[in-house]
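Fold and geometry: a report
Below, each chain spelled out in residue letters.
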Amino acid sequence: MYKIMEKQVLSDVTKLMVVEAPQVARKAKPGQFVIVRVDEPGERIPLTIADFDRNAGTITLIFQEVGKSTMQMGTLKLGDELITVAGPLGHPTEIEKYGTVVMVGGGVGIAPTFPIARALKEAGNTVISIIGARNKSLLFWEDRMRAVSDELIVCTDDGSYGRKAVVTEPLKELLDARKGAIVRVWAIGPAVMMKFVAMATKPYNVKTIVSLNTIMIDGTGMCGGCRVVLDEGAQFVCVDGPEFDAHKVNWDILLSRLRFYGEQERLAVERWKHQCKLDSAVTGVSA
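With that settled, the discussion passes to unusual backbone geometry. With glycine set apart, most residues show a phi of negative sign, and most peptide bonds adopt trans. At the junction of Gly-87 and Pro-88, the peptide bond is cis and its omega measures out at 0° in the coordinates. Residue placement: Pro-88 occurs in strand E8 (residues 84-89). Backbone geometry at Trp-141 places phi at a positive 60°, although glycine is not the residue there. Tracing the chain through its elements places Trp-141 in the loop between strand E10 (126-133) and helix H4 (142-147). Judged by relative accessible area, Trp-141 falls into the buried class, the value being 10%. For Asn-205, which is not glycine, the phi dihedral falls at a positive 60°. For Asn-205, the location among the structural elements is in the loop between helix H6 (191-201) and strand E14 (207-211). Residue Asn-205 is classed as exposed on the basis of its relative accessible area of 71%.

Bringing the pattern of salt bridges into the picture now. Evaluation of the coordinates by the stated rule reveals nine salt bridges. Each of Asp-51, Arg-118 and Arg-144 takes part in one network of salt bridges that share partners.

Thresholds applied
Residues numbered from 1 in each chain as written. Predicted model: local features only at pLDDT ≥ 70, side-chain atom pairs only at ≥ 80, totals over all residues. Heavy atoms only, no water. Helix = DSSP H or I, 4+ residues; strand = E, 2+ residues; numbered from the N terminus. Buried < 20%, exposed > 50% of the residue type's maximum accessible area, 1.4 Å probe, protein only. Salt bridge = Lys/Arg side-chain N within 4 Å of Asp/Glu carboxyl O.

In structure tokens:
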């Protein structure tokens, strides 16, 4: 069992949990993920490791409540335990001294962007970070990202904080202003955001890395649900990734696969909410 040592509410739908998992923390590297289960019958939830503390034996997980399992996980309190935290899994980010790099984090993707930016900065790179969300309430870790970046640009779609822009706008401006100087871009966030980042960087021939963990189901290569089509053929995100060259990803197929279980996910949320109402009616305690 894996105890929740700290819990923070970052927004109405975004939660942070520091979880006691010493064996995972001891080996975790930027870019890797864990598979979490809330309880015995619970489904497997792939979550990228947002931070780790080897001395304390903890890892930090940040997630949005978008489906039944993440909503259920969001109800856990300080001191509660997760039944499974398996990992670290996946290939870690390739950290080298590249030169000037740009990190693009969108929404909850800001979380896994942080440890990569930190490691790249420690390796001697000049790190420019762009973080964005739909509105101010969905932004988090601005202070952390600023601490590991030489320059930080903050955007919101609605202009409620920072610059009113989508993340690709300042990215294109940087690529124009610093032609040849920016040698690599990382982008983590919603799939459609990563697609447009890839489209923005391709004309400049700047290698762009994306993390595709949101498409994973099983996390071990057994189910085939996270198959992603690249220029050279199909690969599995969980065992071959989760990071891939953004310019080689067939984004149309990926976006289509992300919608594949939409109806089942909707029904699972409805059943879970209905059961919560029944339980609260019996116990007299609000869910």
